[in-house]
Each structure stands twice: as C-alpha cells, then as structure tokens.
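# Tertiary structure, described
Next come the chains, spelled out residue by residue.
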Amino acid sequence: MNVTYSDLQNKIVLITGATRGIGNAIAKELAKNKCHIVFNYRSNPEAATSLCEEFKTLGASNATALNFDITDFNKMKEEVDSFIKEHGAISGLINNAGIAKDQLVLRVKPDDITQILDINLKGTMVLTNHLCRNFLRAENVSIVNMSSVVGLMGNTSQSVYAASKAGLIGYSKSLAKELGSRKIRCNAIAPGFIQTEMTEKIAEKAQEEYKKSIPMGDYGNTQDVANLTLFLLSSASSYITGEVIKVDGGLYI
Amino acid sequence: METIEKVIKIVSEATKVDASNIKAETNFIDDLNLDSLDMVEMMMKMEEEFGVEIPEDKTEDLKTINDVTNFLKTIN
C-alpha cells in the first residue's frame, strides 16, 4: 500500500545509499511524493544521471546526484555546501548508507571495525552534524537514521554491525534532545529481515530457519520500510522524535 | 550605523530584549540567558547580516556585545 503526504511536495530530502536496496525503495517513494531528491554516488556518473531521470519520471520535483563517498568527509561537505548554495536548505535527511561484513568475533580484524564504523556511524554523524547549521535555517526538519533490530538485540556474526547500528540509536536520541527546541526531529528505524538482493543470496534452508523466528512468518519488503520513512519525514509525525521504530514482523519483541 | 549598534539591533531582535537594555558589556549567557545553541544561531545571524564567516572555534571567545563588535571589526 502506498501513502501520499502532500507536505512532502518540493521538500528537499537528502538520502544516502539510494542506489539500491531499502534506500532505493525509499527514494522511489520520495519521488512519487514529489520531493526534490538529493542522493550521493561514488563512482558511476552515468548510472547516477539515469537514476535522476528515473526519479523525475516517477514524479520527483527535482533530482540531484552528488558525487561523494560517505567516508570522504571533505568531499562530502564540499558537495553538500555547493548544493545548498544553489538550491536552498535541505529539510529532510535519511541516513541510510551502510555495510555489513558478517564474521565471528574471533575473526574480526581492526580494519573491518574501522570500515564498518566509518560508513555506518561516523559518516552519518559527520554528515548530520555538518548539516545542522543548514537545519537551523530550514523548516519542518526531520532526520531519519536507518538502524537495525540487530542494534537492539545483537546477533551472531554481526558484532561490529550491531555496535554501529546501536550507536546510531544513541546518536538519534541525543540529536532529538539537543535540537528538539528548534523543532528539528530525529528518529531511527530498525528494520528486521527485509527482502533485498542481500537476502536472496542466503541459502534456502537458512531462509526457512530465519522465517521461523519471525512471528509474522515472512520477510518484510522494502516498501514497508519506505512507508515508515515517509511518515517520519512528513508533518504527519510532527510530535514524534527520539523514537526507535521497528519494522520487523515481530522478530524482536 | 556603527557596528556596535548593528550588533545590538540583531541581538535585540533575536532575544526580544529591548535594545536600550543591551550594552557593550552585556554578556550573552549571564545577562541574556542564551544557551550554546542560541549562540550558534546568533552567530549565524551575524554572519548573514555582516556577510562574513565566523569560525566555529572563535564563537566560544565571543561572550559579550563588545567581543562580537571587536571581532567583526577585525575581519571586515
């Protein structure tokens, strides 16, 4: 089911990790709600241009691709500042970019920790902190951080990923407290098992086992996460801040 | 308009404190009860009004109207 929020029309929303998976589904919903979508890409300008066209075709009031890697903080600031100068204040931010490298605690290397935390946690914090001055100039600001149920409940072979996602929850709540007086909201979404390219690679037997642990008996889909993200971005959730909302079919109750 | 008058006008508008009650030695935190976020917003207004950039690390030293006025004079 798709929901439309009229206040999202022309809203400038920056989303990281919009080229695939959950981020891509969210971006498409933003497009259908006539937002001005801003997303980052790392290395393929042709693909970014074609994604912009796709978003516009779906209804986006505009679509802009910024060339930066979430861990290249100087380039990120440069690209974002130049965008704001040209188009005006960003009033929606979806920190969705993230990676997972599943491995047993015994095998985790320091470099893996650095990489996962840099992308999942530090990148989000640097980008959001940098945008705070811009947020003070904008209206109806909403920040949505993509955490994970794993950040709440932990998971075998995902210690670093879980730590990064738990970190995002602490960061989201702190931001909500610090900026609430300026009506700047920040919430976190904790998806459970969501059907993406990543889950398709899991062996069928393992998938059946995973599904048994979900009270609703099946994976969620990217649309489920997109629906909640748009609700949190829109004024329909204007009194909700500092929340962590699970989209997990009851996986972690 | 003198720099100090302009600074007082901006602060008065932002804090709703009458300009006649704001002096050169007025302290943002002790006298006007501004918090750190108020201070960031105040400096952003100064930046817009004076067309300058006030480095984040500098704002901690700007405690009074006089501090801001003198700083703006040095960079203008």
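Scope of this entry: the structure provided in the associated data block. Everything numeric here is computed off the predicted structure, so don't read it as measured data. (Residues numbered from 1 in each chain as written. Chains lettered and ligands numbered in written order. Predicted model: local features only at pLDDT ≥ 70, side-chain atom pairs only at ≥ 80, totals over all residues. Heavy atoms only, no water.)

Further remarks concern the packing of helix 1 (residues 3–15) of chain B against helix 4 (residues 65–75) of chain B. Residues and elements named next belong to chain B. Relative orientation of the contacting elements helix 1 and helix 4 amounts to 125°, with a least axis distance of 9 Å. Classified by the angle their axes make, helix 1 and helix 4 are oblique. In terms of crossing hand, the pair formed by helix 1 and helix 4 is right-handed. Contacts between helix 1 and helix 4 pair T3, I4, V7, I8 and V11 from the former with I65, N66, V68, T69, L72 and K73 from the latter. Tallied by class, the residues present in the contact of helix 1 with helix 4 amount to 7 nonpolar, 3 polar and 1 charged. (Axes fitted to C-alpha atoms, helices over the stretch in contact; angles between N-to-C directions. Helix = DSSP H or I, 4+ residues; strand = E, 2+ residues; numbered from the N terminus. Parallel < 35°, antiparallel > 145°, perpendicular 65-115°, else oblique. Left-handed = near helix turned anticlockwise from the far one by under 90°. Contact = heavy atoms within 4.5 Å. Nonpolar A, V, L, I, M, F, W, Y, C, P; charged D, E, K, R; others polar.)

A few words on the layout of surface pockets. Empty space among the atoms becomes visible once a probe the size of a water molecule is rolled across them. In this structure, the largest pocket spans a volume of roughly 1600 Å³. In terms of lining residues, the largest pocket is bounded by 50 residues, among which A:G98, A:I99, A:A100, A:Y161 and A:M198 are the most central. The computed volume of the second largest pocket comes to approximately 920 Å³. Around the second largest pocket, the lining is made up of 25 residues, and of these A:H130, A:R133, A:N134, A:R137 and B:E56 lie nearest the centre. Where the lining of the second largest pocket is concerned, the elements lending two or more residues are helix 3 (73–87), helix 4 (110–137) and helix 6 (159–179) of chain A together with helix 2 (36–50) of chain B. (1 Å grid on protein atoms, 1.4 Å probe; cavity = no way out; pocket = protein on both sides within 12 Å on 5 of 7 lines; lining within 4 Å. Points joined across faces, edges and corners; volume = space filled by probe spheres on them.)

Opposite the 10 residues of chain B that make contact, chain A presents 7 residues. Carbon and sulfur atoms make up 46% of the area that chain B and chain A hide from each other, which totals about 750 Å². On the chain B side of the interface with chain A, the three residues burying the most area are B:L37, B:E41 and B:M44, jointly 62% of the side's total. On the surface where chain B and chain A come into contact, there are 5 salt bridges. (Buried area = accessible area lost by both parts, 1.4 Å probe. Salt bridge = Lys/Arg side-chain N within 4 Å of Asp/Glu carboxyl O.)

Residue and element names in this part refer to chain A. Applying the stated criterion to the full structure yields 1 cavity of 30 Å³ or more. K101, Q103, V108, D112, I116, S157, Q158, S159, V160 and Y161 together form the lining of the largest cavity. A per-element tally of the lining of the largest cavity places helix 6 first, with 3 residues. The class makeup of the residues in the lining of the largest cavity is 4 nonpolar, 4 polar and 2 charged.

Below, the discussion takes up helix 4 of chain A. Here helix 4 of chain A is 28 residues long and its end C-alpha atoms lie 39 Å apart, about the 40 Å a rise of 1.5 Å per residue gives. Largest kink in helix 4 of chain A: about 45°, centred on A:D118. (Expected span 1.5 Å × (residues − 1). Bend = angle between axes of the 7 residues up to and from the residue.)

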